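Structure at a glance
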Number of protein chains: 2
Amino acid sequence: MSGPADRLDALVRPRSIAVVGASADPDKLNGRIVRFLTEKGYPGAIYPINPKVAEILGYRCYPSLAAVPGPVDLAVIGLSAAQALDAVREAGAKGVGAVLVFASGFAELGTEGRKAQETLARVAREAGVRLCGPNSVGVVNAFDRVVATFSQVGNNPVNPGPLALVTQSGAIGTVVNTLANRRGIGLGYLVHTGNEADITVVDAIAAITADERVRVMCAYLEGIRDGGGLCRIADALLEQGRPIVAVKVGRSETGARAVASHTGSLAAEDRVFDDVARQHGIVRARNESHMLDLAEGFAYCELPAEGGVGLITQSGGTAVLMADRAEELGVAVPTLSAHTQQALRGVLPPYASFGNPVDASMQAVADPSLLGKGLAQMLGDPNVAVGIVWLQHMDAKADALVDMFADLKRIGKPFIVAWAAAPLQALERLRKHGVCVMESADRAVDVAHGLISFARARRLRLESGPRPAAPPPAGVRPPHSGVVPTMRAAGLLAAHGIPLTRTLLAHSAAQAVEQAKTLAPQPVALKVESTDLPHKTEVGGVRLGLREAAGVSQAYDDILASVLAAAPAANIEGVVVQQMQDAGLELVVGLRKDPSFGMVAMLGIGGVFVEAYRDVTFRRLPVRPQEARAMVADLRGQRLLGVFRGRAAIDIEALVKLLCAVSDFGVASDAWLEELDLNPIIARSDTVIAVDWLLIAKQEDAT
Amino acid sequence: MSGPADRLDALVRPRSIAVVGASADPDKLNGRIVRFLTEKGYPGAIYPINPKVAEILGYRCYPSLAAVPGPVDLAVIGLSAAQALDAVREAGAKGVGAVLVFASGFAELGTEGRKAQETLARVAREAGVRLCGPNSVGVVNAFDRVVATFSQVGNNPVNPGPLALVTQSGAIGTVVNTLANRRGIGLGYLVHTGNEADITVVDAIAAITADERVRVMCAYLEGIRDGGGLCRIADALLEQGRPIVAVKVGRSETGARAVASHTGSLAAEDRVFDDVARQHGIVRARNESHMLDLAEGFAYCELPAEGGVGLITQSGGTAVLMADRAEELGVAVPTLSAHTQQALRGVLPPYASFGNPVDASMQAVADPSLLGKGLAQMLGDPNVAVGIVWLQHMDAKADALVDMFADLKRIGKPFIVAWAAAPLQALERLRKHGVCVMESADRAVDVAHGLISFARARRLRLESGPRPAAPPPAGVRPPHSGVVPTMRAAGLLAAHGIPLTRTLLAHSAAQAVEQAKTLAPQPVALKVESTDLPHKTEVGGVRLGLREAAGVSQAYDDILASVLAAAPAANIEGVVVQQMQDAGLELVVGLRKDPSFGMVAMLGIGGVFVEAYRDVTFRRLPVRPQEARAMVADLRGQRLLGVFRGRAAIDIEALVKLLCAVSDFGVASDAWLEELDLNPIIARSDTVIAVDWLLIAKQEDAT
């Protein structure tokens with residue numbers, strides 16, 4: 001064991017485990033580990049460490065880690081917070097790969113605890129061991145029968161399978177393990193990262209997914225330290241077709257406050273997480289059962305091609321409920337082709353409906369084979385990416401139905417059986433046959449949506465090739481931090497191809513009049529130029545719609561007088577004269593630092609309504625053209641972008657180009673950029689151009 | 001049996017049942033009824049009707065209804081569509097109260113079937129019997145062991161209880177029955193209304209809820225014939241504290257299309273259903289399991305007082321998930337009072353969190369009694385209306401926990417136990433103790449939201465007293481149908497107190513100039529007056545912002561010239577001169593006929609964004625002040641109504657007054673009104689006034 005990758009491997013696939021502080025009482029928390037490992041048949045070496053005991057469950061007990069004869073991959077530390085530090089040092093001396101620290105009493109307790117945790121992390125770093133925890137309930141690798149946890153999970157049967165879970169909540173880990181067991185699907189790995197003094201969820205995901213038996217990576221997240229790392233591993237898995245299905249709590253203001261008090265971590269704006277997760281193919285779940293539904297979908301179904309859902313049911317009412325849910329999620333319910341409808345007429349009664357949803361009619365209660373025949377035809381339709389068949393009860397015919405659905409796997413197109421009030425044995429048998437089954441209509445649609453969304457994100461990623469190299473570093477750092485002067489900012493932005501309205505700086509009324517002439521026939525706006533005054537309107541520093549020389553001259557003088565009165569101490573560098581643009585749709589575009597994900601680009605509908613409806617979308621940099629198009633498509637006010645009340649549709653490609661240029665600028669200036677606001681941008685059919693901008697360089701570090 | 005109420009009673013609480021077309025084969029669809037009634041121990045008289053058989057399951061068989069010796073409350077008709085007509089006639093002759101028709105082959109098959117159904121309905125009316133169906137799978141009254149269905153329900157044990165279901169989908173009825181059984185909660189009544197040739201869901205709800213043992217009325221709806229009737233019965237139940245919990249499918253465009261093709265009924269705009277349902281205290285569920293969750297909540301919990309949820313958990317992460325969900329649903333998570341926090345510090349470990357959510361800490365895993373102690377304190381907080389306690393597993397301590405939670409019922413404040421991965425016996429025992437338990441965190445929050453919303457709607461209703469009497473019938477019918485001329489419309493609207501900008505009608509440029517002077521110093525707008533031209537802008541018929549005599553005169557001439565060119569055939573009655581209003585927030589208010597609910601009032605944010613974001617809300621007439629305030633509170637763009645970008649908050653009470661005036665007008669003109677649009681309304685801190693209006697009288701009926 002040498003490199004850090006190997007040492008992460010030592011956490012989740014240890015060939016030998018020492019249990020420091022093992023108790024001889026197998027019911028005590030620190031007595032359970034040896035018991036669980038023994039009961040589950042862990043095949044590696046087990047070394048209980050306890051100077052006061054000779055033997056635990058037949059294993060020789062050692063007085064210290066140093067006394068252990070063989071190499072130790074993982075040291076499970078079942079000692080108190082106070083004793084954990086020495087144990088980590090000893091682990092380092094022994095050459096242990098990773099330590100797992102159960103003790104609580106660290107960052108979750110506030111300032112004192114946070115200091116203790118920093119010390120723990122430093123000691124581990126110095127000792128050269130990777131550390132999971134503190135405040136972790138443990139690690140399970142069901143494939144290799146590693147059950148290094150004191151939780152309820154150890155009482156459950158070990159059930160290796162294609163799902164894995166990394167969680168920041170120990171309680172939820174235990175719950176998901178039980179629920180997966182009840183569903184009869186295996187959870188191959190379960191890692192609770194606890195306080196993440198060293199090993200983060202991202203590290204754990206990397207370590208777990210190195211095992212290719214893991215097909216779906218589930219994650220239960222509260223706060224994300226390493227957003228960039230999460231995106232990188234999600235990208236890699238996306239290309240492999242292995243999804244991350246994540247619950248992320250702290251969506252609301254109340255929730256975010258609770259996360260902060262619970263974990264001490266800074267909550268990113270949830271909308272940013274949501275958008276960036278989608279950008280990287282992470283499938284977001286609402287709660288643990290939705291997460292397991294999606295995970296089952298991915299485990300049992302092939303990834304779909306482009307298209308919508310085909311719905312076939314025994315009940316018209318349920319067909320409607322599924323169509324509702326599909327539309328709500330933006331999943332198409334395409335009308336079936338004439339050819340498919342013809343084929344359906346050949347197998348279903350004449351009073352069935354054939355368009356999509358297909359109502360196989362009450363006849364399908366008496367003869368449920370109609371559902372299979374109909375589904376087979378529907379899956380042949382080129383517009384159907386995922387099939388859903390809904391039925392209820394059918395206890396007497398359950399076995400035949402299971403066989404029928406299992407047989408339809410041969411078609412090779414994903415489908416989901418939504419079986420309400422299903423006989424429990426039928427659910428079990430279907431899952432054994434690898435058929436995805438949900439117990440209600442809308443849950444099936446939710447799963448289909450997950451499959452379609454992930455597959456679409458994957459195609460987008462594969463088609464667009466690797467992320468572009470960083471653009472040339474033309475983002476010259478401005479000499480000062482804080483607001484960058486308008487003309488200098490314009491130069492920096494224009495150098496990256498960001499379209500800005502023509503802007504000149506006047507130092508006198510006469511110069512302003514001359515400049516306004518060069519910008520004619522468009523009217524001009526005059527704005528005071530002062531890096532001390534980011535809010536120019538409030539100090540009377542702005543005059544709009546000026547056309548005539550007298551007006552421009554007067555405006556220049558008025559501005560100086562107003563500003564002098566309102567902000568006598570402000571340093572005024574002049575007045576900018578800007579060419580005004582004809583009216584159009586107002587948009588806002590910007591860059592900002594997200595605490596989890598770093599620099600993100602923002603696009604929103606502007607004007608007075610932006611604050612009321614907050615129609616905005618975010619992407620992590622770099623933003624490539626297809627991602628910029630996806631940003632535009634995210635806006636809820638789509639109708640404003642198209643032909644609207646007689647004005648032509650706005651030039652989407654020009655907007656896409658602007659977004660990419662902003663992204664380039666953000667990548668190039670990442671080292672010094674604090675914030676960029678292009679607000680408003682005027683978008684029309686013939687132009688997309690920023691008419692005002694605020695660029696802020698961050699404070700120089702004291703270092 | 002005489003009045004129609006009695007005859008509805010005959011459907012759901014029959015004292016004697018005839019089964020017309022009963023088969024001696026107890027497995028055939030029409031052989032099941034006698035079998036089910038016998039097996040379930042139906043205590044009334046059972047009369048199989050079949051001329052070819054002497055006896056079925058020990059019951060004497062009669063050749064016809066007429067031959068039955070005693071009175072018959074309910075005749076179940078197990079004959080084909082073709083034979084059903086005669087059976088209904090015979091039932092009438094026999095004096096039967098109600099018939100239940102299973103046969104399909106009616107309206108669900110299109111035009112021919114619809115005619116057959118109309119004939120069936122007419123025959124039943126003429127025969128003086130109420131009719132359930134056709135195409136119904138049956139009626140169950142578990143209290144009285146009436147199992148008049150051929151569905152799977154007859155194979156389940158009869159389990160009377162506080163829930164009842166009326167459904168327009170037979171399949172869903174069967175599913176809900178099984179799911180309720182699995183949850184161990186009784187479904188007292190189950191009525192599938194089928195094609196509703198006569199008895200509608202509203203009739204069925206009235207008949208069922210006459211039984212006071214029914215505490216929660218569930219409904220699964222596809223299309224609603226009698227929206228007014230639904231509102232009236234919902235109002236009555238609301239006052240009694242008995243909720244209707246309804247799933248209504250057809251929310252989406254695709255879904256609405258599917259409903260139309262499935263039931264032939266016209267789908268109302270879903271948003272109207274949603275708003276009107278809330279107005280009348282109907283609690284809307286997403287799907288059948290959400291419906292059962294809510295129903296369990298109402299069955300086991302007292303109705304809460306005003307307030308939010310108090311959350312206590314074993315897990316910080318789950319606390320956050322619940323807080324997220326609460327905020328999403330608009331449920332407060334109030335900070336606990338200093339007194340409550342002090343009390344919690346007395347019972348929980350020092351490292352717990354006390355604000356709300358309360359994280360009882362990992363200590364509550366070892367000692368789950370902490371959860372009970374904490375919950376008891378939390379329920380004492382005046383701001384907590386509903387408590388939720390979350391825990392997981394605890395298999396070894398399940399019995400003690402059940403007893404602890406059961407004991408907390410004594411506090412008399414509603415609470416929900418959210419128990420993830422619960423031992424199944426614990427769920428069962430809790431329900432037996434009348435404790436509401438859900439198996440996940442967010443489902444518990446959803447239930448709390450339902451309880452709080454219904455209780456709030458009830459208080460609002462009780463506080464506001466009975467619905468007002470109809471206002472004086474000042475809504476004089478205009479002499480013509482179609483667009484009502486501006487000045488006449490203004491007269492009608494102003495008579496009901498709807499504030500309109502001052503408007504005059506000019507027949508010459510000179511007159512327009514004079515009128516503009518009387519409206520000064522405000523500028524005026526000139527608009528062509530012609531009932532042929534509802535869209536005046538498109539024909540060049542509008543000029544805005546006119547201040548000077550020359551401008552007004554010129555505008556008058558320009559308008560006439562433009563309109564003459566664009567619409568030479570239009571009849572022009574002059575040009576209206578309107579006082580323009582200073583800028584403010586643009587709103588739209590209107591009246592329209594909804595196919596289910598009749599006249600509804602609409603309020604929305606106006607301007608160019610209204611079409612893009614569709615921020616609108618509806619209420620059924622009459623709209624009383626507190627309902628008008630609720631409409632205002634429904635708007636998503638709340639921020640636009642308050643102090644916003646330096647302008648003062650708009651005068652909400654003036655807007656409320658306007659909405660009530662519009663409602664009065666709508667009630668008074670219900671007989672002839674087709675549509676009213678006040679668009680825009682200018683809302684400011686000092687005024688709320690309509691500056692344009694379109695009033696349309698409906699076409700006179702040919703009759």
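Up top is the structure these notes are about.
Residues numbered from 1 in each chain as written. Chains lettered and ligands numbered in written order. Predicted model: local features only at pLDDT ≥ 70, side-chain atom pairs only at ≥ 80, totals over all residues. Heavy atoms only, no water.

Turning next to the overall build of chain A. A count of helices and strands for chain A gives 24 helices and 30 strands. Principal-axis analysis of the C-alpha atoms gives chain A an extent of 95 × 80 × 40 Å. Burial status across chain A gives 59% buried among its 703 residues. Restricting to contacts in chain A with at least 6 residues of sequence separation, those with at least 24 account for 70%. Entry remark: accessible area of chain A is about 26100 Å², with carbon and sulfur atoms responsible for 53%. Between the mean site of the 69 positive side-chain charges and the mean site of the 74 negative ones, chain A shows a separation of 3 Å. (Helix = DSSP H or I, 4+ residues; strand = E, 2+ residues; numbered from the N terminus. Buried < 20%, exposed > 50% of the residue type's maximum accessible area, 1.4 Å probe, protein only. Contact = heavy atoms within 4.5 Å. Areas by Shrake-Rupley, 256 points an atom, 1.4 Å probe, with all protein chains shown as cover. Lys, Arg positive; Asp, Glu negative; His and termini not counted. Charge placed at Lys NZ, Arg CZ, Asp CG, Glu CD.)

Superposition of chain A onto chain B requires a rotation of 180 degrees combined with a translation of 0.1 Å along the rotation axis, giving an RMSD of 0.1 Å. Those values place the two copies in the arrangement expected of a two-fold rotation axis. The share of interface residues of chain A whose copies in chain B are also at the interface is 100%, consistent with both copies meeting through the same surface. (Least-squares fit on C-alpha atoms with pLDDT ≥ 70 in both.)

Let us now look at helix α11 (residues 316–328) of chain B. Residues and elements named next belong to chain B. With 13 residues, α11 extends 19 Å from end C-alpha to end C-alpha; this agrees with the ideal 18 Å at 1.5 Å per step. Among the 13 residues of α11, 11 are classified as buried, and the element is accordingly described as predominantly covered. Every buried residue of α11 is listed here: G316, G317, T318, A319, V320, L321, M322, A323, D324, R325 and A326. One or two steps after α11, the chain reaches G330, where phi turns positive at roughly 75 degrees. (Expected span 1.5 Å × (residues − 1).)

Glancing now at unusual backbone geometry. Omega for the peptide link from N356(B) to P357(B) comes to 0 degrees, which places this bond in the cis form. Following the sequence through the fold, P357(B) ends up in the loop between α12 (338–347) and β16 (358–359). The phi angle at N135(A) is positive, at roughly 70 degrees, despite the residue not being glycine. Exposure remark for N135(A): the relative accessible area of 19% places this residue in the buried category. Even without a glycine there, the phi angle at E196(B) is positive, about 55 degrees.

Counting through the fold element by element, R431(A) comes out in helix α16 (residues 424–432). Discounting chain neighbours no more than four positions away, the residues touching R431(A) are R183(A), E296(A), Y300(A) and V437(A).

All right, on to the pattern of salt bridges then. One pass over the full model with this rule turns up 74 salt bridges over all chains. Here D198(A) and R130(A) are joined by a salt bridge, their closest N and O atoms 2.9 Å apart. With D198(A) in the loop between β11 (187–192) and α6 (201–209) and R130(A) in strand β7 (residues 130–132), this residue pair connects regions lying 68 residues apart in the sequence. We classify R130(A) as buried; its relative accessible area is 13%. Two residues, E653(B) and R629(B), come together in a salt bridge whose shortest N-O distance is 2.9 Å. Of this pair, E653(B) sits in helix α24 (residues 652–668) while R629(B) sits in helix α22 (residues 625–634), and the two are 24 residues apart along the sequence. (Salt bridge = Lys/Arg side-chain N within 4 Å of Asp/Glu carboxyl O.)

Further remarks concern the nonpolar core. Counting residues in hydrophobic clusters, the biggest one holds 117 residues, and the most contacted among them are V309(A), I388(A), I416(A), V309(B), I388(B) and I416(B). Grouped together as the second largest cluster of nonpolar side chains are 92 residues, L492(A), A601(A), V688(A) and F644(B) included. (Core = buried A, V, L, I, M, F, W, Y, C linked by side-chain atoms within 4.5 Å.)

Listed by partner, the interface residues are 71 residues for chain A and 72 residues for chain B. The contact between chain A and chain B buries some 5500 Å² in all, and 58% of this surface belongs to carbon and sulfur atoms. At the boundary of chain A with chain B, the tally comes to zero salt bridges. Of all the secondary-structure elements, those providing two or more residues to the side of chain A that touches chain B are α5 (170–183), α8 (253–263), α11 (316–328), β17 (384–392), α21 (609–613) and α23 (638–641) of chain A. (Buried area = accessible area lost by both parts, 1.4 Å probe.)

Here we come to the packing of aromatic side chains. A ring pair, where both rings are aromatic, is described by two values, the distance of the centres and the angle of the planes. Residue and element names in this part refer to chain A. Under the defined criterion, the tally for this structure stands at 14 aromatic pairs over all chains. Ring plane angle 80 degrees and centroid distance 5.4 Å describe the contact between F298 and F454, whose orientation is recorded as edge-to-face. Placement of the pair is F298 in helix α10 (residues 288–300) and F454 in helix α17 (residues 441–464), with a sequence separation of 156 residues. Since its relative accessible area comes to 5%, F298 is described here as buried. (Phe/Tyr/Trp six-rings, centres within 6.5 Å; stacked < 30°, edge-to-face > 60°.)

All buried positions along helix α15 (residues 398–408) of chain A are accounted for by A398(A), L401(A), V402(A), M404(A), F405(A), A406(A) and L408(A). Looking at the buried positions of α15(A), the neighbouring elements they touch are α14 (369–379), β17, β18 (415–420) and α16 of chain A.

Residue and element names in this part refer to chain A. Here five strands make up an open sheet; going across it, the order is β2-β1-β5-β6-β7 and the pairing parallel. Each edge of the open sheet carries a strand with a single partner, namely β2 (45–49) and β7. Averaged over all neighbouring strand pairs, the angle between strand axes comes to 20 degrees, with direction disregarded. (Pairing = 2+ DSSP bridges. Axes fitted to C-alpha atoms, helices over the stretch in contact; angles between N-to-C directions.)

Residue and element names in this part refer to chain A. The strand order across the open sheet formed by four strands is β21-β24-β22-β23, and the pairing between neighbours is antiparallel. Whereas interior strands pair on both sides, the edge strands pair on one side only; in this sheet they are β21 (503–506) and β23 (542–546). Mean inter-strand twist for the sheet, computed between neighbouring axes without regard to direction, equals 25 degrees. Bridging between strand β22 (residues 524–529) and β23 involves three bridges; their strand directions are antiparallel. Residue V524 lies in a different strand from β23, and its bridge partner there is L546. Together, β21, β22 and β24 (574–579) form the strand contacts of helix α18 (residues 486–495), whose direction differs from that of β21 by roughly 155 degrees.

That's the geometry; what it means functionally is another story.
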